[in-house]
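# Descriptive structure summary
Spelled out, the chains give:
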Amino acid sequence: MYIVCSDLEGVFVPEIWINVAEKTGIEALKLTTRDEPDYDVLMQKRLAILKDNGLKLADITRVINSIKPMEGALEFLNWLRATVQVIILSDTFDEFAGPLMQKLGWPTLFCNSLMVAADGAISGYKLRQADGKRKAVVSLKNLNYKIIAMGDSYNDISMIQAADTGILFRPPGNVTAQYPDLPVAHSYDKLKSLIKSALKN
């Protein structure tokens, strides 16, 4: 039996922080896990920027409410969920995810949580567990599932490498350069083809 474990941003929806950067004009918020492998370093930078600019959870939520799934993403996800069990493993936060999950038809999501002050300022974050994506894959394999994992960034690599089949989806050049042995899909059609092949094994 198979389970597909997938990243969220960059696979089904655009990067949240890039959209926030574009809406606020704060270029430094465009930095993502495609650029910075250390997630804590990245988040501490983001939290400092939010504090310096007086941005609160409501400001981020307004941007998230305007984000739509990537073209073809919902159709692909609907096909995927009709074919195999799917769990989205994301480094996003419960406080961000609701509007996006609604637009995707409420798939199963494992993610993290934010620490929010009484005035709505984001004061910190809590990981569900360190290296949670990889640990989820390992735990599911221990339940005798075969895992197909897919993502686009540095923070997906340990998950992809732990899976029975790992796929990079539309990764940036710096990621493919560092991990040239991983299969790459640049379209949902190609991704579907790779998953179909894996399911035959």
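In short, a report on the structure. (Residues numbered from 1 in each chain as written. Predicted model: local features only at pLDDT ≥ 70, side-chain atom pairs only at ≥ 80, totals over all residues. Heavy atoms only, no water.)

## Side note on the overall build of the protein chain
The helix and strand tally for the protein chain stands at 9 helices and 7 strands. The C-alpha radius of gyration of the protein chain comes to 17 Å, within 12% of the 17 Å expected for a compact globule of 201 residues. Projected onto the principal axes, the alpha-carbon positions of the protein chain cover approximately 50 × 30 × 30 Å. Burial analysis of the protein chain (201 residues in total) assigns 50% to the buried set. Sequence separation of at least 24 residues holds for 57% of the intrachain contacts in the protein chain that already meet a minimum separation of 6. When the accessible surface of the protein chain is summed, it comes to about 9500 Å², and 50% of that surface belongs to carbon and sulfur atoms. (Helix = DSSP H or I, 4+ residues; strand = E, 2+ residues; numbered from the N terminus. Rg over C-alpha atoms; globule rule 2.2 N^0.38 Å. Buried < 20%, exposed > 50% of the residue type's maximum accessible area, 1.4 Å probe, protein only. Contact = heavy atoms within 4.5 Å. Areas by Shrake-Rupley, 256 points an atom, 1.4 Å probe, with all protein chains shown as cover.)

## Topic: the packing of helix α4 (residues 73-83) against helix α9 (residues 188-199)
At a minimum axis separation of 11 Å, α4 and α9 run at an interaxial angle of 10°. Viewed along their axes, α4 and α9 adopt a mutual orientation that is roughly parallel. Contact residues: α4 offers Ala73, Phe76, Trp79, Leu80 and Thr83, while α9 offers Tyr188, Leu191, Lys192, Ile195, Lys196 and Leu199. Per-class residue counts for the contact of α4 with α9 are 8 nonpolar, 1 polar and 2 charged. (Axes fitted to C-alpha atoms, helices over the stretch in contact; angles between N-to-C directions. Parallel < 35°, antiparallel > 145°, perpendicular 65-115°, else oblique. Nonpolar A, V, L, I, M, F, W, Y, C, P; charged D, E, K, R; others polar.)

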